[in-house]
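Next come the chains, spelled out residue by residue.
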Amino acid sequence: MSHHPSETRHDVPCSFCGLLCDDLSVTTDHGRVRIDAGACPRATAGFDAANRALDAGATPRIKGQAATLEQAIAAAAEMLRGARAPLFGGNGTELPGMRGVMDLADATGGTVDHMNSYSMFRNFHVLQNSGWVVTSLSEVRNRADLLVCFGTDIASRLPRFYERCLWVDDTLFGLRAEDREVVMLGSPKDPSLATSPAGRKAEVLACANEDLAEVAQALRALVAGRPVAGDSVAGIATADLARLADRLKAAKYGVVAWVTSDLDFDHAELAVQSACDLVRELNAHTRCNGLPLGGTDGDYTAHQVCTWQTGFTVRTRLSASGPQHDPRAFDTDVVLANGAADALVWVSSFDPGKTPPSTSIPTVVIGHPAMQVECDVFIPVGVPGIDTAGHLFRTDSSVAVPMRKLRDVGLPSVAEVTAAIRAALQPARPAVTTSEARAC
Ligand code: SF4
């Protein structure tokens, strides 16, 4: 491991949530990274974990025994060579890493999923069913005068959202921080996170998140001028909902934001659908947009790469006859429960806590260097945005932000490891390809 002397960099992008803030100041000192400015609890945890990896002295392992990188790669290739239906799960990596995973899946007829699919698909179902009207973070920053948080406080998941996107004064159209209002619907964890710099608190209209679909439909009716029966809807006074409907109609640029990981209940896609229906209705009267927020562990990036390479998002199998997409059958948990995979490659480079699901099939983990995991082959890799460069897609999918390599402690990237496994696999695969070609 080579350790560089102390160096401070500015305007460093952070890879630990979908905001991808690009304004951190970071000092690297003998391989340790420290955020001097622009930190938030989530980023600090991510950087701390990357430092822990140095203490742990991460090394590749085969069945728990220390091995060289070359040996671990050979063992991973050997495992994949014998597999007929490998599953590539987790996929917490940046763009080049995801491309490498796709190459490997393509070479082995593997199935590709992401650890956050259960959450992302709450949005995808709506997008596929009806489409949606959504906006970007820049538009929110420059135009949003009323933000409705739908079942979330946002900042528990994306800590600097308000600081970066709402409580700003230098906007294109003269909108100032104190001109903006926040209303939270449902069960936000900590509404105080959205208190404005001058101390104005977010208004909360509380209900169970499970009831948000009903509340959104009532709001939609009120916006359309239709009556809503009863004094309350899911515990919220109808009069309060009517006031909110009026405020949304009076807003110049309303935004309805949600985080699918906070909508964690059965058929949450119906809540997302109702929020999108409300936005659509509002556009008959004023401007209003949805804002689906999320994007951790490279989930939006995996979605983008898989989509542009196969025409489908994750939960896609790269079979010899072409990609097959099935959001239910190719769910990691379902594949494992059905015994439909005979090898698991788990990629997780952002968070040492995101370990593979327990399974009895042979498992290779290409993981965060501080990860504690028992598996057949463990290959520690660099943390995106600290040890490795490569783009990540921001939560609004409109911007791909280049991450920077801040130190060199001798850890390979997911892209390098997957390419090496692919190369080691090479000689043994043509027989399969030839027989498949004959079968056609
Ligand atoms: S809000 Fe997200 S991207 Fe910004 S510094 Fe915190 S973890 Fe990093």
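Details of the structure are given in the entry above.
Residues numbered from 1 in each chain as written. Predicted model: local features only at pLDDT ≥ 70, side-chain atom pairs only at ≥ 80, totals over all residues. Heavy atoms only, no water.

Draft legend 1. Up close: the overall build of the protein. On a plain count of helices and strands, the protein comes out with 13 helices and 21 strands. For 440 residues, the compact-globule formula gives about 22 Å, and the C-alpha radius of gyration of the protein, at 23 Å, lands near that figure. Taking the principal axes of its C-alpha atoms as reference, the protein extends roughly 70 × 55 × 35 Å. Residues counted as buried form 56% of the 440 residues belonging to the protein. When the accessible area of the protein is evaluated, it comes to approximately 17,900 Å², of which 50% is carbon and sulfur surface. Separation of charge centres in the protein, based on 40 positive and 51 negative side chains, amounts to 3 Å. (Helix = DSSP H or I, 4+ residues; strand = E, 2+ residues; numbered from the N terminus. Rg over C-alpha atoms; globule rule 2.2 N^0.38 Å. Buried < 20%, exposed > 50% of the residue type's maximum accessible area, 1.4 Å probe, protein only. Areas by Shrake-Rupley, 256 points an atom, 1.4 Å probe, with all protein chains shown as cover. Lys, Arg positive; Asp, Glu negative; His and termini not counted. Charge placed at Lys NZ, Arg CZ, Asp CG, Glu CD.)

Draft legend 2. Just the pairing of strand β6 (residues 86-92), in detail. Burial within β6 is extensive, with 7 of its 7 residues counted as buried. In terms of strand pairing, β6 meets strand β17 (residues 343-348) through 5 bridges, oriented parallel. Bridge pairing in β17 links Phe 88 to Val 345. Note that β6 and strand β7 (residues 111-112) share 2 bridges and pair parallel. Residue pairing for β7: Phe 88 is matched across the bridge by Val 112. In terms of handedness, the path from β6 via helix α3 (residues 95-108) over to β7 forms a crossover that is right-handed. (Pairing = 2+ DSSP bridges. Right-handed = clockwise from strand over helix to strand, strands pointing away.)

Draft legend 3. Broad picture of the site of the ligand. Around the ligand lies a shell formed by Cys 14, Phe 16, Cys 17, Leu 19, Leu 20, Cys 21, Gly 38, Cys 40, Arg 42, Ala 43, Pro 159 and Arg 160. Classifying every residue of the shell around the ligand gives 9 nonpolar, 1 polar and 2 charged. (Near = heavy atom within 4 Å. Nonpolar A, V, L, I, M, F, W, Y, C, P; charged D, E, K, R; others polar.)

Draft legend 4. Here's a closer look at the packing of helix α7 (residues 212-223) against helix α8 (residues 238-250). Two elements in contact, α7 and α8, have axes whose closest approach is 9 Å; the angle formed by their N-to-C orientations is 60°. The angle between the axes of α7 and α8 places the two elements in the oblique class. The crossing of α7 and α8 is right-handed. Where α7 approaches α8, its residues Val 215, Ala 218, Leu 219, Leu 222 and Val 223 are matched on the opposing element by Thr 238, Leu 241, Ala 242, Leu 244, Ala 245 and Lys 249. (Axes fitted to C-alpha atoms, helices over the stretch in contact; angles between N-to-C directions. Parallel < 35°, antiparallel > 145°, perpendicular 65-115°, else oblique. Left-handed = near helix turned anticlockwise from the far one by under 90°. Contact = heavy atoms within 4.5 Å.)

Draft legend 5. A look at the sheet that holds strand β3 (residues 32-37). Ordered by their spatial adjacency, 3 strands build an open sheet running β1-β2-β3, and the pairing between neighbours is antiparallel. The sheet is open, and its two borders are formed by β1 (7-12) and β3, each paired with just one other strand. The sheet shows a mean angle of 30° between the axes of neighbouring strands, taken without regard to direction. Sheet topology places β1 next to strand β2 (residues 24-29); 4 bridges connect them, and they run antiparallel. Along β2, the bridge assignment pairs Val 12 with Leu 24. Across the sheet, helix α1 (residues 41-56) touches β2 and β3, and the angle it forms with β3 is around 160°.

Draft legend 6. Seen up close, the sheet that holds strand β10 (residues 203-206). As summarised here, the arrangement of the 5 strands in space is β10-β9-β8-β13-β14, forming an open sheet in which the pairing is parallel. The outermost strands of the open sheet, each flanked by one partner alone, are β10 and β14 (287-293). Pairwise comparison of adjacent strand axes, ignoring direction, gives a mean angle of 20° for this sheet. One ladder, built from 7 bridges, connects strand β13 (residues 253-259) with β14; its direction is parallel. Within β14, the residue paired with Trp 258 across the bridge is Pro 292. Contacts from helix α9 (residues 269-282) reach β8 (146-150), β13 and β14 within the one sheet, and its direction differs from that of β13 by about 175°.

Draft legend 7. Here's a closer look at the environment of Phe 393. In this fold, Phe 393 is placed in strand β20 (residues 390-393). Looking at Phe 393, the relative accessible area reads 14%, which means it is buried. C-alpha separation for the pair Phe 393 and Gln 304, spaced 89 residues apart in sequence, amounts to 8.0 Å. Setting aside residues no more than four positions away along its own chain, Phe 393 makes contact with Leu 20, Leu 95, Tyr 300, Thr 301, Gln 304, Trp 308, Val 399 and Ala 400.

Draft legend 8. Spatial organisation of the nonpolar core. Residues Phe 47, Leu 147, Ile 154, Phe 161, Tyr 162, Val 182 and Leu 293 are the most contacted members of the largest nonpolar core, which totals 41 residues. Residues in contact with Phe 47, not counting those within four places in the same chain, are Phe 16, Leu 24, Val 26, Val 33, Ile 35, Ile 386 and Leu 406. Within the second largest apolar cluster, 38 residues are counted, among which are Leu 80, Val 314, Val 347 and Ile 366. (Core = buried A, V, L, I, M, F, W, Y, C linked by side-chain atoms within 4.5 Å.)

Draft legend 9. Spatial organisation of α7. A rise of 1.5 Å per residue sets the reference length of α7, with its 12 residues, at 16 Å; its end C-alpha atoms lie 16 Å apart and thus fit the reference within 8%. With respect to burial, α7 is a largely interior element, 9 of its 12 residues being buried. When we look at burial in α7, the residues that qualify are Leu 212, Ala 213, Val 215, Ala 216, Ala 218, Leu 219, Ala 221, Leu 222 and Val 223. As for α7, its buried residues are in contact with β8, β9 (181-186), β11 (232-233), β12 (236-237), α8 and α9. Trailing α7 by a residue or two, Gly 225 shows a phi angle of about 85°, which is positive. (Expected span 1.5 Å × (residues − 1).)

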